[in-house]
Each structure stands twice: as structure tokens, then as C-alpha cells.
Amino acid sequence: MSNRALDTVPARVSATSTLSQSLTMAYRGLLKVRRTPEQLFDVTVQPIIFTLMFTYIFGGAVSGNPQNYLPLVIPGILVQTVITASVVTGVQLREDMDKGVFDRFRSLPIARIAPLAGALIADTVRYLIATLLTFAVGFIMGWRPQGGAFHVVLAGLLVIVCAFALSWIFAFFGVIARTATSVQGISMLILFPLTFLSNAYVPVNTMPKWLQAFVNINPLSHLIAAVRDLANRGLVTSDIAISLAGAVILMLVFAPLAVRMYMRKV
Amino acid sequence: MQTLTQAARSQTTAAQGAPLAIEAHQLVKLFGRHRAVDGVDLQVRAGTVYGLLGPNGAGKTTTVRMLATLLRPDGGQARIFGYDVVKEAQRVRQLIGVTGQYASVDETLTAMENLMLFGRLLGLSRRDARQTAERLLEQFGLTEAKNRPLRHFSGGMRRRLDLAASLIARPPLIFLDEPTTGLDPRTRAQMWDTIRDLVREGTTVLLTTQYLDEADQLAERIAVIDRGRVIAEGTPDELKSSVGQSSLHLTFQNPADVPRAREIVEAALGAQATPSPEGRRLIAPVSDTSRLPDVLVALKAAGIEISELGVQKPTLDEVFLTLTGHNAEPTTEGEDADVQPRA
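The following refers to the structure shown. On a predicted model such as this, the values are computed, not experimentally measured, just so you know. (Residues numbered from 1 in each chain as written. Chains lettered and ligands numbered in written order. Predicted model: local features only at pLDDT ≥ 70, side-chain atom pairs only at ≥ 80, totals over all residues. Heavy atoms only, no water.)

## Brief notes about the overall build of chain B
Item 1. A count of helical and extended segments in chain B gives twelve helices and 14 strands.
Item 2. Out of the 343 residues in chain B, the part that is buried amounts to 54%.
Item 3. For chain B, restricting intrachain contacts to residue pairs at least 6 apart in sequence, the fraction spanning at least 24 positions comes to 67%.
Item 4. Accessible area for chain B stands at about 15,200 Å²; split by element, carbon and sulfur atoms hold 48% of it. (Helix = DSSP H or I, 4+ residues; strand = E, 2+ residues; numbered from the N terminus. Buried < 20%, exposed > 50% of the residue type's maximum accessible area, 1.4 Å probe, protein only. Contact = heavy atoms within 4.5 Å. Areas by Shrake-Rupley, 256 points an atom, 1.4 Å probe, with all protein chains shown as cover.)

See below:
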């Protein structure tokens, strides 16, 4: 029973330890999901309700009939659902941080980013569930993506990667906000314009010119376009590059910000 | 080669006796305008139990949180085994374990999963993490409950698991923030045994408590903290003798008698008596119990009627009354403390 030697304490955590600690924290996140499956309510119910609702409400008006609307709307709903699910990541992080166990995480000699990264990595499971369900409901309703299985999988992965990157924004809100409700509030305020002022539900050329200008620079429009081209036509377009570049930039900005605020907040 | 410098440094300290596990100089923490910790100095030798004694709101937890790198000090410095808690926080975290007032374990996970999680985070292999977890669960009598989620745990079980989690890495210094507050007497005694075992293995323990008897039982040295300041420091014996071995509690029929009774008591005992806030009681330290009859005789002679009488061993309350002139009550914000100079 000897204690740790005093002269062998390294000053910082190595990159491999950081990764393994983040994965351990992600494993904790998955255990929690297994214990409280009701956390998955939003990612299971929303894809089903939204797909049915939007297809039958707007299908006739936009594409003549619901069937023709599916290739347009399924990618739109997919992106909206998964991105909305990434907001919940921030909200749950806030709730989690208020618990005593986060005090222990802070007092452990682990990478400061691990508790945050772990929570965000674990939530990709939520995005995966949302993606699978949206595709499945679309398929049941008669959507037959012409791009083939490979491109559909690729499209799903693209959305999940982008949602992970975007979730750092909400993690940042989660860290700086006082309560979980305020995280929800701020995040929704950002999310609604982003998802609805996009090409998700209607063709852009039906909108007034000034709105088109915004819709066309909206990064989510690029992501939705990329998903449509991949799934419906098997095309790899520049929209993929734009989406991924946006994702990387977001992450480079918000991940360090979130970690810094997390470290400062006690 | 900072590691070498550090090793050299702790060796030099060792030459002057046991090295210092904790060294705090003029620590300050402000919450708004409230000085929660107001210039605390501490020196804790390695391998000892050090008690931080004080009422709720005295600044004990805030002090511990600063020493444990959980809170950034607004002033002063602190070193843990020679490492600065702000500049070398990552190093400090490798040398400490923290067990808070509330359980810092994951409610949704089982006891086993909790210990496995912390073990894995601390770099143990899956197998080592499992073995360590099994051993600690056994040691803390939690083996039977290991696969139950913590929601179903009692307060005492949670505390024990919490302490077990702090011991995974066998840190040389452990902070125990009120480890027995709210525990039943049996669980409290178990906790005390565990703490004694730790010290036998060479671990340094910083213990905060509201109970003098707890500090008395466990700590080799005690700092009494009040309104963010250390108002007395010494061995339990030194502290107790500063307040008298026991104290005389007198309650009077007529509050108007109190000032006169005070003079009589002070004359008979040769010590200062303190009236209680509600004005019907007097408390006086008793260093020599053979003088007690004199007090009663003198009071009777003066025609002062006593409704209640008792001789008590020193409680935290008396330590406080004697040291500060006020009761051990939670500090109210912004109030200026009439603190006496350090004993």
C-alpha cells in the first residue's frame, strides 16, 4: 500500500490519455442512456411525427403530391431533427454539470476536455438513432433514394459529423448558462431561424430575393443540399466540402471556448 | 526538468522534519463583496490528520475547494507537496483525493460502475480497475450492493462509496469535507475507523468538521476557523485548555440577576463568564471543579435563584464563545467580525 511517488507527477495529460479519458466519459454517457431510456424520447418520436406531418401537410402544395415531396423533405427533416437533438446535448450537459459527480471529475488528474468531449461523443448515438428512424419512416412512406445504400449511409454520416461539430456551440451555452432551461431557450432562438430559413421544406426559388440571399449562405442549406445530392442522386458535390469545412471551423472555435469556460466555472 | 526541482524541494523540506503536505498563505476568496475566506494560513505536515473546525458558513468548504483546485483563490498562495494549486493544478490533482459534503458520485450508475469509471479515468487497465473496485467495495462493506444504482443507496453508503472513489489512485493527501455530517452514530464510528486506517498507511488527511469531538478523536492539530479566518490553531489539548476543561452552565429564574451573578461567578472561578444571547444563562469555563461549590454557595448567599445548572465538557460552542465572543452560528453576509487576534 504505497502512495504515489511525489516526484513522478507529469505536468499535463498526453494526447492518447486525453482520447481514452474522453472515450471512458462517453461510455459513462452510454450507461446513463441505458439507465434512463426516456432521454431518447426526442430522437425517436420527432423523426416519426415530423416526417409524417410535413410530408402530408406540405407535400401537395410544394410537389403536387406527398410522394414526390419525399426526396425533398426527408433530407430536410433529417438535418433538422439531428441538429435539434444536438441542442439537447447542451441542455443535458448543464443538468449533468450541476450534479456532484462533476466536482469529482474536476478534481481528477484528467484532461479538462474529457468530460465535455465524452458527453458529446456519447450523444452521437442519439443522432444515429434519429438518422436511422428518419430514413426508415421515409422508406416506409415510399421514399426510394436513387443514390443507393452506400450514398445514403454516407449522407447519414455527414449529418452526424456535422451535428457533433455543432453540438459544441450548445455545449458552450450549456457551460456558460445558469440553468438548463435557459440553454434550451437560447439554443432554440438560434436553431429556429437556421432550420426554417433554409432549403429544408420548400424550393428556395419560391422565396423573396432578400430571403434567398440568407437561405443560400445558411450553412444548413449546404448540408441539406449535400444530403439530397448524395441520397437521391449519388452525387458528391462541393456542398459536402462546404458543410465539413463549416463543421471544422465551428468546432475549432467553440470547443476551446467551451473547455475554457468549463475550467473557469466552478 | 521541473520534476527534479520539485523532488529536490520536497527533500529540503523533509530535512526540517516531515515535509509539508499543505502550505497555505493568506488565502482569500470573495463571493461578491462577501469575504468567504479572508486570509487563511495553514501548514499541514505530511502523514498527519489536520482538522479544520468551524460552524456552517465559516469558510471551511471554500478553503478546501481552493486547496483541491476546484476554486481559484482571489488572493494568497497555496502549495500541495510543493506544487502551486493554481499554476500546477494538474500536478496537484494527481496527489489529492476529495470527498465532499454531498456525494460526488454518479447517481444513475451502480457502485461498481462508478468505481470502474473513476479507475479507468485514472489510467488503470480494465482488469486493474475492476480489481481495485472489488477491493474497495469489500473494504467499505459495499460488495453486496455493488450492482445496485446509487439512487437506492442510504446516505452512509453513498459517503462510503464516495470515500472509496477518492482512494482509487491512493493519493498521498485526502480532503474530507464534513465526512460524517448527517450520519448515524454507528456509520460515523465506521468512518472514523476508515480515516484512522488511512493515516496508518501514511496518507495525510485534511478533515473539516463542525464537531469538536470529531476533530478531537481524529486530528493531531486543529485550526478553528470563523468568518473566513483562522482564529486559533494547535493540538486538541491546547485548544481545550484554552477554553477550560469543562464549562459551567447556569440558568437563572430572573434575567435581571445575570449581571450580578456574572460578577460572583467570575470572582469564584477566576475566569471570564459569558452571558448567553437570550440573557437568562451564563457560561463560564471551569479549570478546577473543586471550586464549583463556592460558586453555588456565593450565589445562594446573594439570593440569586438558579433554575438550571450543568457542567459540560467543552463543545464547539464554548470554543467559539471563548475565542470569538460570539456563538457558533452561520455567518451572516457582510457582517463585520469582531474577531480576536490569533491565539
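## A short note on the overall build of chain A
Item 1. For chain A, the count of helices and strands is eleven helices and zero strands.
Item 2. Going from the N terminus to the C terminus, chain A shows its helices and strands as α-α-α-α-α-α-α-α-α-α-α.
Item 3. At 20 Å, chain A has a C-alpha radius of gyration in line with the 18 Å of a compact globule built from 266 residues.
Item 4. Dimensions along the principal axes, computed over C-alpha positions, put chain A at roughly 75 × 35 × 35 Å.
Item 5. Taking the intrachain contacts of chain A between residues at least 6 apart in sequence as the baseline, contacts between residues at least 24 apart amount to 77%.
Item 6. Total accessible area on chain A is roughly 11,800 Å²; 71% of this is exposed by carbon and sulfur atoms.
Item 7. Taking the average location of the 20 positive side-chain charges in chain A and that of its 10 negative ones, the two points are 3 Å from each other. (Rg over C-alpha atoms; globule rule 2.2 N^0.38 Å. Lys, Arg positive; Asp, Glu negative; His and termini not counted. Charge placed at Lys NZ, Arg CZ, Asp CG, Glu CD.)

## Describing empty space enclosed by the protein
Rolled over the atoms, a probe as big as a water molecule pinpoints where empty space is left.
Item 1. Tallied over the full model, the rule gives two cavities of 30 Å³ or more.
Item 2. Volume-wise, the largest cavity comes out at about 120 Å³.
Item 3. Around the largest cavity, the lining comprises 15 residues; the ones closest to its centre are Leu108(A), Ile96(B), Gly97(B), Ser166(B) and Ala169(B).
Item 4. Elements that contribute at least two residues to the lining of the largest cavity include exactly helix H4 (101-107) of chain A together with strand S6 (96-99) and helix H6 (155-166) of chain B.
Item 5. Take the lining of the largest cavity: its biggest share by element is three residues, from S6(B).
Item 6. Considering only residue class, the lining of the largest cavity consists of nine nonpolar, four polar and two charged. (1 Å grid on protein atoms, 1.4 Å probe; cavity = no way out; pocket = protein on both sides within 12 Å on 5 of 7 lines; lining within 4 Å. Points joined across faces, edges and corners; volume = space filled by probe spheres on them. Nonpolar A, V, L, I, M, F, W, Y, C, P; charged D, E, K, R; others polar.)

## Regarding the side chain of His249(B)
All names here are of chain B.
Item 1. Within the secondary structure, His249 is located in strand S11 (residues 246-252).
Item 2. Overall, His249 belongs to the buried group, its relative accessible area being 10%.
Item 3. In this structure the side chain of His249 is engaged in a polar contact, spanning 3.2 Å, whose partner is the side chain of Ser247. (Polar contact = N/O pair within 3.5 Å; in protein donor to acceptor, adjacent residues only side chain to side chain.)

## Looking at the nonpolar core
Inside soluble globular proteins, nonpolar side chains tend to come together where they are buried.
Item 1. By size, the foremost hydrophobic cluster in this structure holds 123 residues, and its most contacted members are Phe105(A), Trp168(A), Leu115(B), Phe118(B) and Val224(B).
Item 2. Per-element accounting of this core gives the leading share, 17 residues, to helix H7 (residues 148-176) of chain A.
Item 3. Contacts of Val224(B), omitting those with residues within four sequence positions, involve Leu53(B), Arg229(B), Val230(B), Ile231(B), Ala232(B), Leu239(B), Val319(B), Phe320(B) and Leu323(B).
Item 4. Among the nonpolar cores identified, the runner-up in size contains 33 residues, and Ala21(B), Phe81(B), Val98(B) and Leu173(B) belong to it. (Core = buried A, V, L, I, M, F, W, Y, C linked by side-chain atoms within 4.5 Å.)

## Some words on helix H2 (residues 60-67) of chain B
All names here are of chain B.
Item 1. In terms of residue burial, H2 counts as a mostly covered element, since seven of its eight residues are buried.
Item 2. For H2, the set of buried residues is Lys60, Thr62, Thr63, Val64, Arg65, Met66 and Leu67.
Item 3. Taken from the residues just after H2, Thr69 is the one with a positive phi, measuring 65°.

## Focus on the packing of H6(B) against helix H7 (residues 185-200) of chain B
All names here are of chain B.
Item 1. Where H6 meets H7, the axes come as close as 11 Å, and the angle between the chain directions of the two elements is 10°. Judged by the angle between their axes, H6 and H7 are roughly parallel. Of H7, the residues touching H6 (which contributes Gly156, Arg159, Arg160 and Leu163) are Thr187, Gln190, Met191 and Thr194. (Axes fitted to C-alpha atoms, helices over the stretch in contact; angles between N-to-C directions. Parallel < 35°, antiparallel > 145°, perpendicular 65-115°, else oblique.)

## Observations concerning the interface of chain A and chain B
Item 1. Listed per partner, the contact involves 32 residues of chain A and 42 residues of chain B.
Item 2. Between chain A and chain B, a total of about 3,600 Å² is buried, with carbon and sulfur atoms accounting for 59% of that surface.
Item 3. At the boundary of chain A and chain B, one finds five salt bridges.
Item 4. Measuring nitrogen to oxygen at the nearest pair gives 3.8 Å for the salt bridge that ties Asp106(B) to Lys32(A).
Item 5. Inspection of the region where chain A meets chain B yields eleven residue pairs in polar contact (both at pLDDT 80 or more).
Item 6. Mapped by element, the contributors of at least two residues to the side of chain A that touches chain B are helix H1 (15-35) and H4 of chain A.
Item 7. A total of eight residues in the side of chain A that touches chain B trace back to one element, the largest contributor, which is H1(A).
Item 8. Taken together, the residues of the side of chain A that touches chain B sort by class into 14 nonpolar, seven polar and eleven charged. (Buried area = accessible area lost by both parts, 1.4 Å probe. Salt bridge = Lys/Arg side-chain N within 4 Å of Asp/Glu carboxyl O.)

## A closer look at the packing of aromatic side chains
Residues and elements named next belong to chain A.
Item 1. This model, assessed by the stated rule, comprises 13 aromatic pairs over all chains.
Item 2. With a centroid separation of 5.2 Å and an interplanar angle of 80°, the aromatic rings of Phe102 and Phe105 are classed as edge-to-face. In this pair, Phe102 and Phe105 both sit in helix H4, three residues apart, roughly one turn of the helix.
Item 3. On the basis of relative accessibility, which here comes to 1%, the residue Phe102 falls in the buried class.
Item 4. On the accessibility criterion, Phe105 (0% relative accessible area) is buried.
Item 5. Taken together, the aromatic side chains of Phe50, Phe54, Phe58, Phe192, Phe196 and Tyr201 make up a single cluster linked through ring pairs.
Item 6. In this structure, Arg144 packs its charged tip against the face of Phe139, placed 4.1 Å from the ring centre. (Phe/Tyr/Trp six-rings, centres within 6.5 Å; stacked < 30°, edge-to-face > 60°. Lys NZ or Arg CZ within 6 Å of the ring centre and 35° of its normal.)

## With respect to the pattern of salt bridges
It is possible for side chains bearing opposite charge to pair when their charged atoms get close.
Item 1. Counting across every chain of the model gives 25 salt bridges over all chains.
Item 2. Residues Asp42(A) and Arg126(A) are paired through a salt bridge, measuring 2.9 Å at the closest nitrogen-oxygen approach. In this pair, Asp42(A) is assigned in helix H2 (residues 41-63) and Arg126(A) in helix H6 (residues 124-140), connecting sequence segments 84 residues apart.
Item 3. By relative accessible area, which is 22% here, Asp42(A) ends up partly exposed.
Item 4. For Lys146(B), the salt bridge goes to Glu134(B), with nearest N and O atoms at 3.3 Å. In this pair, Lys146(B) is assigned in the loop between helix H5 (126-139) and H6 and Glu134(B) in helix H5, connecting sequence segments twelve residues apart.
Item 5. Residue Lys146(B) is classed as buried on the basis of its relative accessible area of 19%.
Item 6. One salt-bridge network, in which partners are shared between bridges, spans Arg28(A), Lys32(A), Asp96(A) and Asp106(B).

Purely geometric numbers; function is a separate question.
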